[in-house]
Amino acid sequence: MRFDYHTRYRQGFALLKHPADWVNYGVLLAALLVVPLVSSNYFVGELSYVLILCVASLGLMMLSGFTGQISLGHASFVAIGAYGHAWLLAQGVPFILALPLAALISAGAGLLAGIPAIRVSGLYLAMVTLAFSIVVEQVIGMWRGVTGGFMGMLVETPSIAGISLGSPKVFYYLCLLILVLVLLALANLLRSGIGRAFTGVRDSEAAAYALGIEVKRVKVGAFGLSAGITGLAGALMAHHIGYLTPDAFTLLLSLDLVLMVVIGGMGSLRGAILGAVLISMLPNAVALLKDVLPQSMARQSGLEIFVAGAVLAFFVLFEPTGLNGRWLKIRALLENFPLYRRDTFRRQKAYMKSERNR
Amino acid sequence: MSPALELFSQLTVNGIAVGAIYALVAMGIVLIHKATEVLNFAHGDLLVLSAFSAWALIAGAGMPFWLVLPLVAAGVGILAYGMDAVIVRRIAGQPQFAGVMLTIALAFMLRGLVQMVFGTDSQSYDTPWTGGSVRILGVTVADLSLVIMAAVFLIAALLWVFFRKTRLGIAMQAASQNQLAAHLNGVRVKRLNSLVWALAGVTAAVAGIFLAPLTLVDTALWLITLKALAAIVLGGFGSLPGAVLGGILIGLIEQYAGVYLPDGFKDIAAYLVLIAVLILKPNGLMGDAHGRRV
């Protein structure tokens, strides 16, 4: 069992709480760095896709998990980032500039989409973002001059200073670098004043307001930041897909992102990563499942969506804190082994609390 | 009648017919939301399920339409009752977001099941009114549209009477206003909430059976949930008359946008209305204003 015994003030807000964590995360990073050297191009390609989804999931987690703003339309920001990036590349903007610019464009769209958040919250906000993403999908389809419409748009091979990033292994390192940067930036942001303001708005708007936090500005800013990160993921996604069409960014992608955040566990960066990994592995798991099932059931196409729904329902009903919460429980069990009390994480009795009048 | 006016009246009739379906779906969602504060994203998939079941019974088993309608409505009603009693009831007391996620999960499962059982191909079936049409005041109206309008307004009227005049309806109103007070007065709140789900399931089934012959029996029909959400927001959240009014207005707006606005607006008109209403007038047309509770 580990005891937190702080001898210095700074230990209270350290990036990682325990020295052992530095070792653990270092080993994980080293493993991720070695993987491309020992595995096939196909596997590395799939792995880069998982990393991209992690970035997108972190973007949504920042908004939903930390600021408490529901968004059911984050695929639109992925799309805006992807198309913005591809368009900038087609205009001859170098890759190294196009990537942050695409994130900025997406952040601008996020600020726009965040304006309704000033007036509405909860279910209403979910509906606004849902409607926004459908509108964006349609606009992309109609705006042929920039996006190529429903015909699609080819994404140029990225290169930095003459070195091509086209090979899957080089691209993997790029994705890994961006994921680590985003993760560090968010982890630092969330323990700064701005991050505390986000959490404050999530937990009680009135209390945050009373403490002098500009709730409206925080909400819209959170939308912008989240959209920017998701747009960055979109720009990387553009290279992974290679050929952009509007139907790559439908409602299902939005719902997948929400699934990642919820299954991972609301309000934790680790959860966003765990959720993204689990959801991106789900199709492979279903493919394995199909080998076991009888032929007549395995042929049907609805199995994947059914399993996704079942997993989500399972987590909402039995583990609302998500994978991260389950991990914390397992860790506590291991650390306190003979002394573990089952009631440590027992949920309090919840009473019906109306959110009708929010 | 001048061509422009004729076009306009034709659009109006079509809009009301489509809007009536939106209104029916919207009423189902509002019923559940008023009773249990759960926004049911699985409503559209109940509709898809009933459309496919009706297709299997009419086109596959050759049963008459009038037998299939009550059969499917009862079946989906029982399914909806079970969904609440077994699954959704468990998350009472958790934040609204949990309800959204759970109904999305249920929607995924229903959609997957429908695809596994009935396949992914689009289907169609005939009703007693398919193909016929009448001319009223120089406007051609399909018989099916007339029947749909009549059915929707009949259901709306029945619901109105049910909630005003019957013990069960008044108990439902009481439970939706204050669950604890209703419980203390001897209302069996849990069972009542499941009954509301069943009632909403029946409206979804009727909507599905009547909508499918207008378009096609297809899993994409669930998207009507989103149109119904626009209708609910426009009409004012949590108001049944508002849902009917909003549904018909959304139907009309869509039809007009398809002709009088540039290409592509028809598909997003409903969503633009939703965004605009929520920014400008979040209470909708008939919603009651209430303050923010701290």
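Residues numbered from 1 in each chain as written. Chains lettered and ligands numbered in written order. Predicted model: local features only at pLDDT ≥ 70, side-chain atom pairs only at ≥ 80, totals over all residues.

Right, let's get into the overall build of chain B. On a plain count of helices and strands, chain B comes out with 11 helices and 2 strands. For chain B, the succession of helices and strands along the chain, N to C, is α-α-α-α-β-β-α-α-α-α-α-α-α. Taken over the C-alpha atoms alone, chain B extends approximately 60 × 50 × 35 Å along its principal axes. Residue burial in chain B is summarised as follows: out of 294 residues, 52% are buried. (Helix = DSSP H or I, 4+ residues; strand = E, 2+ residues; numbered from the N terminus. Buried ≥ 20, exposed ≤ 12 C-beta atoms within 10 Å, placed from the backbone.)

A word on the pairing of strand β1 (residues 133-136) of chain B. Residue and element names in this part refer to chain B. Bridge analysis of β1 against strand β2 (residues 139-142) gives 4 bridges, and the strand direction is antiparallel. Within β2, the position partnered with Ser133 by the bridge is Ala142. Linking two consecutive strands that pair antiparallel, namely β1 and β2, is a turn of 2 residues; a positive phi of about 50° is found at Leu137 within it. (Pairing = 2+ DSSP bridges.)

So, on to the interface of chain A and chain B. The interface is formed by 44 residues belonging to chain A together with 44 residues belonging to chain B. When contributions to the side of chain A that touches chain B are tallied by element, the ones reaching two or more residues are α4 (95-119), α5 (123-142), α11 (251-264) and α14 (303-318) of chain A. Here the side of chain A that touches chain B takes 12 residues from α5 of chain A, the largest share from any one element. Grouping the amino acids of the side of chain A that touches chain B by side-chain chemistry returns 31 nonpolar, 8 polar and 5 charged. (Contact = placed C-beta atoms within 7 Å. Nonpolar A, V, L, I, M, F, W, Y, C, P; charged D, E, K, R; others polar.)

All names here are of chain B. The UniProt feature table records "transmembrane region" (unreviewed entry) at residues 12-32, 39-58, 64-83, 95-114, 134-163, 195-214 and 268-286. A helix fraction of 80% and a strand fraction of 0% characterise residues 39-58, whose end C-alpha atoms lie 32 Å from each other. The span residues 95-114 is 95% helix and 0% strand, and its two end C-alpha atoms sit 29 Å from each other. (UniProt positions renumbered as here; feature names shortened; annotations may be inferred.)

Our next topic: the packing of helix α2 (residues 43-60) of chain B against helix α8 (residues 189-214) of chain B. Residues and elements named next belong to chain B. At a closest axis distance of 7 Å, the pairing of α2 and α8 adopts a crossing angle of 55°. Considered as vectors, α2 and α8 are oriented oblique to each other. Judged by the twist between their axes, the crossing of α2 over α8 is right-handed. Every residue of α8 that contacts α2 at His43, Leu46, Leu47, Val48, Ser50, Ala51, Ala54 and Trp55 is listed here: Ala200, Gly201, Ala204, Ala205, Ala207, Gly208, Ile209, Leu211 and Ala212. Residues that form the contact of α2 with α8 fall into these classes: 13 nonpolar, 4 polar and no charged. (Axes fitted to C-alpha atoms, helices over the stretch in contact; angles between N-to-C directions. Parallel < 35°, antiparallel > 145°, perpendicular 65-115°, else oblique. Left-handed = near helix turned anticlockwise from the far one by under 90°.)

Moving on, we get to α14 of chain A. Taking 1.5 Å per residue, 16 residues should reach 22 Å; α14 of chain A reaches 22 Å between its end C-alpha atoms and fits that length. Turning to α14 of chain A, its buried residues are Leu303, Ile305, Phe306, Ala308, Gly309, Leu312, Ala313, Phe315 and Val316 of chain A. Elements that come into contact with the buried residues of α14 of chain A comprise α11, α12 (269-292) and α15 (322-335) of chain A together with α3 (65-87) and α4 (96-118) of chain B. (Expected span 1.5 Å × (residues − 1).)

Ranked by internal contacts, the top residues of the largest apolar core, which has 210 residues, are Val55 and Leu312 of chain A together with Ala23, Val25, Ala26, Ala51 and Leu274 of chain B. Once you skip the residues sitting within four places of it in the chain, Val25 of chain B turns out to touch His43, Leu47, Ala204, Ala207, Ile224, Thr225 and Ala228 of chain B. (Core = buried A, V, L, I, M, F, W, Y, C linked by C-beta atoms within 7 Å.)

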